[in-house]
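A look at the structure
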Amino acid sequence: VLSYGWGLYGQLGDGLCTSQAIPKEITSLQGEVWTSLSAGPWHSAAVNDEGDIVTWGRGDAGQLGHGDTQSRPEPHLVETMQGKKVKVVACGSRHTVMLTEEGEVFASGWNRYGQLGSGDT
């Protein structure tokens with residue numbers, strides 16, 4: 001998996017908070033098969049062929065799904081989703097939506113305009 005572009009919040013996944021003008025490998029993602037990738041403006045996510053999800057980048061609204069608002073400049077396993085077999089992930093500006101193989105939809109992050117689909121804001 002390669003990434004490049006604006007990296008102020010660690011969304012490139014290389015452990016740094018700097019921008020990259022050319023594609024650079026995210027070395028911590030080596031050795032696995034990644035089936036779904038998504039890049040939002042400030043965070044990114046990837047799903048492997050086992051249904052595990054990792055997220056990285058800005059986490060100020062809880063969009064990384066780790067139950068906190070901590071930013072992470074490298075991919076970290078979303079432990080709350082283990083065993084759920086995530087199939088597809090999509091990153092918005094400050095939210096993340098995950099679809100499982102069972103058809104369940106999970107969302108985390110900023111919900112000011114109802115983007116999490118929970119029925120409240």
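Here's a quick rundown of the structure. (Residues numbered from 1 in each chain as written. Predicted model: local features only at pLDDT ≥ 70, side-chain atom pairs only at ≥ 80, totals over all residues. Heavy atoms only, no water.)

1. Quick notes on the sheet that holds strand β6 (residues 72-77)
Read from one edge of the open sheet, four strands run β3-β4-β5-β6, paired in antiparallel fashion. Pairing within the sheet leaves two strands with one partner each, and these edge strands are β3 (34-39) and β6. The average undirected angle you get between the axes of adjacent strands in this sheet is 15°. As defined by bridge partners, β3 adjoins strand β4 (residues 43-48) across five bridges and the pair is classed as antiparallel. Each residue of the ladder has a partner; that of Ala-39, found in β4, is Ser-44. (Pairing = 2+ DSSP bridges. Helix = DSSP H or I, 4+ residues; strand = E, 2+ residues; numbered from the N terminus. Axes fitted to C-alpha atoms, helices over the stretch in contact; angles between N-to-C directions.)

2. Looking at the packing of aromatic side chains
Summed over all chains, the structure comprises two aromatic pairs. Ring centres 5.7 Å apart and planes at 90° place the aromatic pair Trp-6 and Tyr-9 in the edge-to-face group. Owing to a relative accessible area of 46%, Trp-6 belongs among the partly exposed residues under this scheme. With centroids separated by 6.5 Å and ring planes inclined at 80°, the aromatic side chains of Tyr-9 and Trp-42 adopt a geometry described as edge-to-face. In this pair, Tyr-9 is assigned in the loop between β1 (2-5) and β2 (20-25) and Trp-42 in the loop between β3 and β4, connecting sequence segments 33 residues apart. Take Tyr-9: its relative accessible area is 25%, and that puts it in the partly exposed class. With relative accessibility at 22%, the residue Trp-42 sits in the partly exposed group. Grouped by ring-pair contacts, the aromatic residues Trp-6, Tyr-9 and Trp-42 constitute a single cluster. Positioned above the aromatic ring of Tyr-9, the side-chain terminus of Arg-58 is 4.4 Å from the ring centre. Stacked on the ring of Trp-42, the Lys or Arg Arg-58 has its end atom at 5.2 Å from the ring centre. (Phe/Tyr/Trp six-rings, centres within 6.5 Å; stacked < 30°, edge-to-face > 60°. Buried < 20%, exposed > 50% of the residue type's maximum accessible area, 1.4 Å probe, protein only. Lys NZ or Arg CZ within 6 Å of the ring centre and 35° of its normal.)

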